[in-house]
Amino acid sequence: DTEVTQTPKHLVMGMTNKKSLKCEQHMGHRAMYWYKQKAKKPPELMFVYSYEKLSINESVPSRFSPECPNSSLLNLHLHALQPEDSALYLCASTRTAGGREPQHFGDGTRLSIL
Amino acid sequence: AQTVTQSQPEMSVQEAETVTLSCTYDTSESDYYLFWYKQPPSRQMILVIRQEAYKQQNATENRFSVNFQKAAKSFSLKISDSQLGDAAMYFCAYRSFTGANSKLTFGKGITLSVRP
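This write-up is about the structure you can find in this document. Just so it is clear, the model here is predicted, and its values are computed rather than measured.

Quick look at the overall build of chain A
Stage number 1. Looking only at helices and strands, chain A has 0 helices and 11 strands in total.
Stage number 2. N-terminal to C-terminal, the α/β element order of chain A is β-β-β-β-β-β-β-β-β-β-β.
Stage number 3. Its C-alpha atoms give chain A a radius of gyration of 13 Å, near enough to 13 Å, the size a compact globule of 114 residues would have.
Stage number 4. Classification of the 114 residues of chain A by burial places 50% in the buried group.
Stage number 5. Sequence separation of 24 or more characterises 55% of the internal contacts of chain A that already satisfy a separation of 6 or more.
Stage number 6. In chain A, 14 positive and 11 negative side-chain charges are present, and the distance between their average locations comes to 4 Å.

As for the pattern of salt bridges
Residues and elements named next belong to chain B.
Stage number 1. Enumeration over the complete set of coordinates arrives at 8 salt bridges over all chains.
Stage number 2. As a salt-bridge pair, Arg-63 and Asp-86 come within 2.8 Å of each other at their nearest N and O atoms. Here Arg-63 is found in the loop between β7 (60–61) and β8 (64–69), whereas its partner Asp-86 is found in the loop between β9 (74–79) and β10 (88–96), with 23 residues between them in sequence. In this structure, Arg-63 and Asp-86 share a single accessibility class: buried.

Overview of the environment of Leu-112 of chain B
Residue and element names in this part refer to chain B.
Stage number 1. Tracing the sequence through the fold places Leu-112 in strand β12 (residues 110–115).
Stage number 2. Residues Leu-112 and Thr-5, spaced 107 residues apart in sequence, show a C-alpha to C-alpha distance of 16 Å.
Stage number 3. Residue contacts for Leu-112: discarding those within four places in its chain leaves Met-11, Ser-12, Val-13, Val-19, Leu-21, Ile-79, Asp-86, Ala-87, Ala-88 and Tyr-90.

Brief notes about the sheet that holds strand β7 (residues 64–70) of chain A
Residue and element names in this part refer to chain A.
Stage number 1. Pairing in this open sheet of 4 strands is antiparallel, and the strands run β1-β3-β8-β7 from one edge to the other. Strands with a single pairing partner mark the edges of an open sheet, and in this sheet they are β1 (4–7) and β7. Strand-to-strand twist of the sheet, defined as the mean angle between neighbouring strand axes without regard to direction, takes the value 20 degrees.
Stage number 2. The pairing of strand β3 (residues 18–25) with strand β8 (residues 73–79) spans 7 bridges and is antiparallel. Among the inter-strand pairings, Leu-21 is bridged to a residue of β8, identified as Leu-76.

Brief notes about the interface of chain A and chain B
Stage number 1. Each side of the interface is counted separately: chain A has 33 residues, and chain B has 24 residues.
Stage number 2. Note on chain A versus chain B: buried area summed over both sides is about 2,200 Å², and carbon and sulfur give 48% of it.
Stage number 3. It is Arg-100, Pro-102 and Phe-105 of chain A that lose the most area in chain A upon contact with chain B, and together they represent 27% of the buried surface on that side.
Stage number 4. One can count 1 salt bridge joining chain A with chain B.
Stage number 5. Glu-58 of chain A is the salt-bridge partner of Lys-103 of chain B, the closest N and O atoms lying 2.7 Å from each other.
Stage number 6. Between the two partners, chain A and chain B, sit 8 residue pairs in polar contact (both at pLDDT 80 or more).
Stage number 7. Every element with two or more residues in the side of chain A that touches chain B is listed here: β4 (31–37), β5 (44–50), β6 (53–57), β9 (87–94) and β11 (109–113) of chain A.
Stage number 8. Among the residues forming the side of chain A that touches chain B, the class breakdown is 12 nonpolar, 13 polar and 8 charged.

Topic: the state of the cysteines
Stage number 1. Across all of its chains, the model carries 2 disulfides over all chains by this definition.
Stage number 2. A sulfur-sulfur separation of 1.9 Å characterises the disulfide bridge that pairs Cys-23 of chain A with Cys-91 of chain A. Here the S-S torsion is close to -70 degrees, and the disulfide linking Cys-23 of chain A with Cys-91 of chain A is therefore left-handed. With Cys-23 of chain A in strand β3 and Cys-91 of chain A in strand β9, this pair connects stretches of sequence that are 68 residues apart.
Stage number 3. Residue Cys-23 of chain A is classed as buried on the basis of its relative accessible area of 0%.
Stage number 4. Put simply, Cys-23 of chain B and Cys-92 of chain B are joined by a disulfide, and their sulfur atoms are 2.0 Å apart. Residues Cys-23 of chain B and Cys-92 of chain B are joined through a disulfide that is left-handed, its torsion about the S-S bond being -70 degrees. In this pair, Cys-23 of chain B sits in the loop between β3 (19–21) and β4 (24–26) while Cys-92 of chain B sits in strand β10, placing the two residues 69 residues apart along the sequence.
Stage number 5. The class for Cys-23 of chain B is buried, based on a relative accessible area of 1%.
Stage number 6. Here Cys-68 of chain A is not disulfide-linked; the sulfur of Cys-23 of chain A is the nearest cysteine sulfur, at 9.2 Å.

Thresholds applied
Residues numbered from 1 in each chain as written. Chains lettered and ligands numbered in written order. Predicted model: local features only at pLDDT ≥ 70, side-chain atom pairs only at ≥ 80, totals over all residues. Heavy atoms only, no water. Helix = DSSP H or I, 4+ residues; strand = E, 2+ residues; numbered from the N terminus. Rg over C-alpha atoms; globule rule 2.2 N^0.38 Å. Buried < 20%, exposed > 50% of the residue type's maximum accessible area, 1.4 Å probe, protein only. Contact = heavy atoms within 4.5 Å. Lys, Arg positive; Asp, Glu negative; His and termini not counted. Charge placed at Lys NZ, Arg CZ, Asp CG, Glu CD. Salt bridge = Lys/Arg side-chain N within 4 Å of Asp/Glu carboxyl O. Pairing = 2+ DSSP bridges. Axes fitted to C-alpha atoms, helices over the stretch in contact; angles between N-to-C directions. Buried area = accessible area lost by both parts, 1.4 Å probe. Polar contact = N/O pair within 3.5 Å; in protein donor to acceptor, adjacent residues only side chain to side chain. Nonpolar A, V, L, I, M, F, W, Y, C, P; charged D, E, K, R; others polar. Disulfide = S-S within 2.5 Å.

None of this, on its own, says anything about what the molecule does.
Written out as structure tokens, the structure is:
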């Protein structure tokens, strides 16, 4: 069982739809991350939140909008996505944003854009 | 900028045998962390083992051990007594010791298959 919970596990959406991905952890971690992963490739960092504030945006297109309403929850709002955005979206967390702790990953959301 | 290189895209091992996965990295920093993550088809990235660069002793976790050669910037993973459940994609990763937002830099990964 993973300590980082992502919902939904699968999502199929059209290019004009608006949807959201959700990530939740109750380990008291104060840093949370969104990654995009294509098949057989390493995860690519998208966003980092530290103490509920956005600290890193890796030049991600504005059709991806992150939100961190509280220290346990991280959302990724999706709008007007393109077919190339189809991928596995992974959420991760650490106690703090820097340092020795490994990132704890969720199971991911498999996103397909029609 | 740091880079992580996993030059072997695929490897295969017989069940109960030992296999070594290679990883090299490039950095100008003296203190950092190195990780091996496993990603089975079930998708979740699972931490296998980690090494702190300032520790000379190689990390060990049950059947998993590393050969950390700091001068050579090499960080290989040895899996002993391979099991069918070890079949997965393995990623080597680097993280800076300092910095409020130190990123995790991944290698390209290696797909390990285990033959029964």
